[in-house]
Amino acid sequence: MSPLPARAQCTSTADSARTVGFPPQELRDLQLRVRTEQQTPEWKARHAVRSGVEGTVNEFAHAHGDGMRRCRYRGQERPTSSTP
């Protein structure tokens, strides 16, 4: 097999080789088990509840400008935030 003329444009490794990584077998088994579980009606029902709760919390935290993250309690100093 002859080398590709544009191989240098395909990869930036020192030896112009490509590598393929595989997760450890136990991680792969866990991924397969979890993905299979995610197809069950029970998991989908639990996830629907969690998704709704997370959406509500996000709306509360970020709605109306800075949301409740920048809200003050009566008589207390305005909180400072590391996020803009």
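Residues numbered from 1 in each chain as written. Predicted model: local features only at pLDDT ≥ 70, side-chain atom pairs only at ≥ 80, totals over all residues. Heavy atoms only, no water.

## Some words on the overall build of the chain
Link 1 in the chain: For the chain, the count of helices and strands is 3 helices and 0 strands.
Link 2 in the chain: The order of α-helices and β-strands along the chain, N terminus first, is α-α-α.
Link 3 in the chain: Counting over 84 residues, the chain shows a buried share of 5%.
Link 4 in the chain: When the accessible area of the chain is evaluated, it comes to approximately 8200 Å², of which 55% is carbon and sulfur surface. (Helix = DSSP H or I, 4+ residues; strand = E, 2+ residues; numbered from the N terminus. Buried < 20%, exposed > 50% of the residue type's maximum accessible area, 1.4 Å probe, protein only. Areas by Shrake-Rupley, 256 points an atom, 1.4 Å probe, with all protein chains shown as cover.)

## A word on a nonpolar patch on the surface
Link 1 in the chain: On the surface, a nonpolar cluster with roughly 210 Å² of combined accessible area is contributed by L27, L30 and V34.
Link 2 in the chain: Mapped onto the fold, L27 is located in helix α2 (residues 25-37). (Patch = residues over 30% accessible without salt bridge, like charges linked within 9 Å, V, L, I, M, F, W, Y side chains within 5 Å. Salt bridge = Lys/Arg side-chain N within 4 Å of Asp/Glu carboxyl O.)

## Some thoughts on the confidence of the model for the chain
Link 1 in the chain: Taken as a whole, the chain shows an average pLDDT of 79; of its residues, 67% reach a score of 70 or greater.
Link 2 in the chain: Mean pLDDT across the elements of the chain bottoms out in helix α1 (residues 7-10) (70) and peaks in α2 (96). (pLDDT = per-residue confidence, 0-100.)

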